[in-house]
Amino acid sequence: MQQLAKMCFILTALLPVTLFAKINVTQALIFNAKVGEPTAIFMNIYNEGEEDVSLATVQSDIGAHLTLHGTQNGRMVELSDINVPAHKMTSLKRGGLHIMVFDVEQDLKAGNTFPLRLLFDNGEVIKVDAKIIQYQ
């Protein structure tokens, strides 16, 4: 009986982890930039889970101001979140949804990486290294 109670406790403690969406990130890229220059981050976010999730914020260990952006009527606008529907992919790309990087505190040189933490509204945190590429 004591073993059964212990097993139930462990399974209950793990339940929130199993409720997380199954989020995968591919092709994370950022354009090179010099100190203080703005740049942008692009990627594909796959939600293999049963529930929609939203990218709520982005953080980096490299000093910079990161904001979620999209476009409306041909103009760039700041967003409070980016939706990733269940069983779908949301692409962050030029001319559409993206992450803006302002006030970068060090040069971002092509060939290096830019570490990111993507924080979702369900509490999930995904760490990814965006490859720094030459601006085209």
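Coordinates for the structure precede this section.
The structure contained in this document is the topic of the report that follows. (Residues numbered from 1 in each chain as written. Predicted model: local features only at pLDDT ≥ 70, side-chain atom pairs only at ≥ 80, totals over all residues. Heavy atoms only, no water.)

Considering the overall build of the protein chain
Applicable threshold: Helix and strand definitions follow DSSP, with helices as H or I runs of at least four residues and strands as E runs of at least two, each counted in order from the N terminus. Burial classification: accessible surface area is computed with a 1.4 Å probe over protein chains only, and a residue below 20% of its type maximum counts as buried, one above 50% as exposed, and the rest as partly exposed. Pairs of residues are marked as contacts when any of their non-hydrogen atoms sit within 4.5 Å.
Of the regular secondary structure elements, the protein chain holds one helix and 10 strands. Sequence-ordered secondary structure for the protein chain, helices as α and strands as β, is α-β-β-β-β-β-β-β-β-β-β. For the protein chain, the proportion of its 136 residues judged to be buried stands at 35%. The contacts in the protein chain between residues at least 6 apart in sequence include a share of 67% that link residues at least 24 apart.

Quick word on unusual backbone geometry
Residues apart from glycine generally show negative phi values, whereas peptide bonds are mostly found in trans. Positive phi values are uncommon outside glycine, yet His-87 reaches one of about 60°. Along the polypeptide, His-87 turns up in the loop between strand E6 (82-84) and strand E7 (88-92). Given a relative accessible area of 51%, His-87 falls into the exposed group. Here the phi dihedral of Asp-103 falls at roughly 55°; this positive angle occurs in a residue that is not glycine. By secondary structure assignment, the location of Asp-103 is in the loop between strand E8 (98-102) and strand E9 (113-120).

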